[in-house]
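Structural overview for review
Residue-level listing of the chains:
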Amino acid sequence: MTLLQSFGRRMGLILFVLMASFAFLGKEASAEINLKFGTYAADKPTETVKKYRPFLMFLENRLSAELGEDVHIDMVIAKEYETSIEQLANGEVDFARFGPASYVHATSKNPGVQIVAMESKNGQKKFKGIIAVHKDSNIEALEDLAGLTFAFGDELSTIGRYLSQAVLLEAGISSDDLHSYEFLGRHDSVGLAVGAGKFAAGALKESTFKKLVASGVPIRALMNFDNVTKPWLSSADMQPDVYAAMQRIMLASENEEIVRRVAQNGFLLGADDDYQEIRQAMKRSNDF
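Keep in mind the model is a prediction, meaning the values are calculated, not measured.

1. Observations regarding the nonpolar core
- Membership of the largest hydrophobic core comes to 45 residues, with the highest contact counts inside it found for Leu-88, Phe-98, Ile-131, Leu-142, Leu-145, Phe-150 and Leu-168.
- It is helix α5 (residues 158-170) that provides the largest number of residues to this core, a total of seven residues.
- Apart from residues no more than four positions distant in its own chain, Phe-98 is found in contact with Gly-38, Tyr-40, Ser-84, Ile-85, Leu-88, Tyr-103, Ala-106, Lys-230, Pro-231 and Leu-233.
- Residues Phe-55, Leu-63, Leu-67 and Ile-249 belong to the second largest nonpolar core, which totals 27 residues.

Next up, the structure:
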């Protein structure tokens, strides 16, 4: 091999290494953090997308600024509570917004699931569930439901099952005392069924109850009960820097209008102990 050929081969190798290095750096510079947000359709899926998409876009922008990398968030909406719980526990989604009972189920499947923040309701960690009856019903107390029909939500719903069953038990009403009952899945399905006279009473969250009443569904509240506000959760596999940035953003954003679409007054720092009374209600409902 001549000296000229040897020099040419060396220069070619150097050029190849330089090009590969630039390609690698370019790839790094354009790298994205891709996250999946999971939830279930407690109401119509279209309403779920309408509610969360603006907030997720807000979170994308803030996380990108915090982390110095482009962040993209996809939404995964499960039809059933159980599917969404499994997705978070298994790390198929990176973070999620669940009801309290679903949080308890998720942590039982994977103790590494963490609370990012809790939604604030007028600065508190409580909101209401409703047991509703038809607007023209003569039912005046829970005790009057003996021998009648009842509509629950999802079998894993905090309000739609566990808390409402605990409330019924406190009034002396168990499944044996009802003529029949069914699990209808979504909160709006419960309200619509009660309004249509298909069930004497049903359990649903207060916000859905108010929307249905405003739209003309003929239902009224028989009674209300307290529930703990919803937690936003991270999978056990979420990177610590992403978790920390997400928590900082959510806890600092209480006065922003875009945030108020999902949390009445922003977010609060949450802990596992905040959901102890939910665990107790879940155990109580076993007697139903």
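Alright, that's what it looks like, and here's the rest.
2. Considering the packing of aromatic side chains
- Applying the stated rule across the entire model yields 17 aromatic pairs.
- Connected via pairs of aromatic rings, a cluster forms that spans Phe-37, Tyr-52, Phe-55, Phe-58, Phe-95, Trp-232 and Phe-267.

3. With respect to helix α7 (residues 206-214)
- Buried within α7 we find Glu-206, Thr-208, Phe-209 and Leu-212. Buried positions in α7, seen along its axis, are confined to an arc of 160 degrees and lie on one side of it. Exposed side chains of α7 directed beyond 90 degrees from the buried face belong to Lys-210, Lys-211 and Ala-214.
- In this fold, the buried residues of α7 make contact with β5 (126-134), α6 (187-195), β8 (201-205) and β9 (219-228).

4. Focus: the environment of Leu-63
- Positionally, Leu-63 belongs in helix α2 (residues 45-67).
- Here the alpha-carbon distance between Leu-63 and Met-246, two residues 183 residues apart in the chain, equals 6.7 Å.
- Ignoring anything within four residues of it in the chain, the contact list for Leu-63 reads Leu-35, Gly-68, Glu-69, Val-71, Ile-73, Val-242, Ala-245, Met-246 and Ile-249.

5. Some remarks on the confidence of the model for the protein
- Across the protein, the average pLDDT comes to 88, with 88% of residues at or above 70.
- Ignoring residues within four places in sequence, the model shows residues 13-30, a span with pLDDT below 50, making zero contacts including any to other chains.

6. Here we look at the sheet that holds β9
- The strand order β7-β6-β8-β5-β9 describes an open sheet built from five strands, whose pairing is mixed. Across the chains shown, the open sheet's two edge strands, defined by having one partner strand only, are β7 (180-183) and β9. Here the average twist between neighbouring strands, direction ignored, is 20 degrees.
- Examined bridge by bridge, β5 and β9 share nine bridges and lie antiparallel to one another. Within β9, the residue paired with Ile-130 across the bridge is Asn-224.
- Contacts between α7 and the sheet are confined to β5, β8 and β9, with β8 contributing the most and set at about 110 degrees to the helix.

7. Section: the sheet that holds strand β1 (residues 32-40)
- Here six strands make up an open sheet; going across it, the order is β2-β1-β3-β10-β4-β11 and the pairing mixed. At either margin of the open sheet sits one strand with a lone partner, and together these are β2 (70-78) and β11 (267-268).
- Across four bridges, the pairing between strand β4 (residues 114-119) and strand β10 (residues 231-234) is antiparallel. For Ile-115, the partnering residue across the bridge sits in β10 and is Leu-233.

8. Here's the deal with unusual backbone geometry
- Phi is positive for Asn-122, close to 55 degrees, though the residue is something other than glycine.
- Among the secondary structure elements, Asn-122 is positioned in the loop between β4 and β5.
- In this structure Asn-122 comes out as exposed when scored by relative accessible area, which is 55%.

Conventions and cut-offs
- Residues numbered from 1 in each chain as written.
- Predicted model: local features only at pLDDT ≥ 70, side-chain atom pairs only at ≥ 80, totals over all residues.
- Heavy atoms only, no water.
- Core = buried A, V, L, I, M, F, W, Y, C linked by side-chain atoms within 4.5 Å.
- Buried < 20%, exposed > 50% of the residue type's maximum accessible area, 1.4 Å probe, protein only.
- Helix = DSSP H or I, 4+ residues; strand = E, 2+ residues; numbered from the N terminus.
- Contact = heavy atoms within 4.5 Å.
- Phe/Tyr/Trp six-rings, centres within 6.5 Å; stacked < 30°, edge-to-face > 60°.
- Arc of directions from axis to C-beta.
- pLDDT = per-residue confidence, 0-100.
- Pairing = 2+ DSSP bridges.
- Axes fitted to C-alpha atoms, helices over the stretch in contact; angles between N-to-C directions.

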